[in-house]
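# Structural features, examined
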Amino acid sequence: MAATNPSEKTAGRSRRVALLVALYVLLVLGMDTLATQGVRFPFEWRLLLRFRPGGFDVFKFAAWFVIPFLFALPHLDIDAFTLKRWRRSDWYILAGLVAIGALAVIVIPSIPGVRETYRGFGHLSPTQKHHVFCWHLAWNASWLIGWEFLHRYSLLRSWDRWLPRAGWLIVPLSEGLYHLQKAPPETLGMVALSVVLTLWARKRQNVLLPFLVHLAIELELLVFLLRTAPGR
């Protein structure tokens, strides 16, 4: 009986890990989509969104970050979350993407479909705005870390090991499918941003810049909404 080639065993393991990670991502994002869309079959999926103390989405935090982090912990690449692999040019890339994000937020009122999704809070009192600001900060903290860890660490790395040339495409595909819940212009914008962030993360083996860009855009959006009245 011929011995198994070590490279074949490694390739087989990489394929299994990549498929399992993709299956997990499909499962947790699918559950979140069912809950967001108010699907009631075979039960009330919206129950997953009920646990949001102060805006902190417990389901997203656990499913998108805690569980994947625990599985990755034994072989965690610490430098993937630090500045150690950054180059000077990456700071310019960060600044440019943050600026583009701000521009995209500013033009929201001019984009049909998107402007209906993001109605401003400018009409609220200062106290109410403070409450909205704190709620959204907690909500962003609950899902944003997990979103980047799930996609540009767990999913990207596993598929890049299995399919070194084209495996990275699974990340924009996943993000694009999830954002089909949004207006088409926002979905296309998200896919374009995903391609840029994923290629950078793949090249640098680092997740920090995508996280910072994503965080900056969410904060820019929040500030914009707090300063904009509904209907504008």
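Our structure is the block above this text.
A quick note: this is a predicted structure, and the numbers were derived from the prediction, not measured.

Rules behind the numbers
- Residues numbered from 1 in each chain as written.
- Predicted model: local features only at pLDDT ≥ 70, side-chain atom pairs only at ≥ 80, totals over all residues.
- Heavy atoms only, no water.
- Phe/Tyr/Trp six-rings, centres within 6.5 Å; stacked < 30°, edge-to-face > 60°.
- Helix = DSSP H or I, 4+ residues; strand = E, 2+ residues; numbered from the N terminus.
- Buried < 20%, exposed > 50% of the residue type's maximum accessible area, 1.4 Å probe, protein only.
- Core = buried A, V, L, I, M, F, W, Y, C linked by side-chain atoms within 4.5 Å.
- Contact = heavy atoms within 4.5 Å.
- 1 Å grid on protein atoms, 1.4 Å probe; cavity = no way out; pocket = protein on both sides within 12 Å on 5 of 7 lines; lining within 4 Å.
- Points joined across faces, edges and corners; volume = space filled by probe spheres on them.
- Nonpolar A, V, L, I, M, F, W, Y, C, P; charged D, E, K, R; others polar.

## What to know about the packing of aromatic side chains
Enumeration according to the criterion identifies 17 aromatic pairs in this entry. For the pair Phe61 and Phe65, a centre-to-centre distance of 5.6 Å together with 45° between the ring planes defines the contact as tilted. One end of the pair is Phe61 and the other is Phe65, both in helix α2 (residues 58-72) and 4 residues apart, which spans about a single turn. A relative accessible area of 26% places Phe61 in the partly exposed class. When the centroid spacing of 5.2 Å and the interplanar angle of 35° are considered together, the rings of Phe81 and Tyr153 count as tilted. In this pair, Phe81 sits in the loop between α2 and α3 (88-106) while Tyr153 sits in helix α5 (residues 126-162), placing the two residues 72 residues apart along the sequence. Through successive ring pairs, a cluster of aromatic residues spans Phe56, Phe61, Phe65, Phe69, Phe81, Phe149 and Tyr153.

## Remarks on the nonpolar core
Counting 36 residues, the largest nonpolar core has Trp64, Trp147, Leu155, Leu209 and Val213 as its most contacted members. Elements supplying a minimum of two residues to this core: α1 (6-36), α2, α3, α5, α6 (170-178), α7 (184-204) and α8 (208-227). For Trp64, the residues in contact, after removing those within four places along its chain, are Val28, Leu29, Asp32, Phe59, Trp143, Gly146, Trp147, Leu150 and Tyr178. Among the nonpolar cores identified, the runner-up in size contains 8 residues, and Val105, Ile108, Tyr118 and Leu225 belong to it.

## Quick look at empty space enclosed by the protein
Evaluation of the coordinates by the stated rule reveals 1 cavity of 30 Å³ or more. Looking at the largest cavity, its volume works out to about 30 Å³. Lining the largest cavity are Arg152, Leu156, Arg157, Ala201, Gln205, Asn206 and Val207. Partitioned by chemical class, the residues of the lining of the largest cavity number 3 nonpolar, 2 polar and 2 charged.

## Examining unusual backbone geometry
What you tend to see is this: most non-glycine residues have negative phi, and most peptide bonds are trans. Pro42 follows Phe41 through a cis peptide bond whose omega is -5°. For Pro42, the position within the fold is in the loop between α1 and α2. Of note, Gln205 is a non-glycine position whose phi angle comes to about 50°, a positive value. In this structure, Gln205 sits in the loop between α7 and α8. Of the residues examined, Gln205 reaches a relative accessible area of 30% and is grouped as partly exposed.

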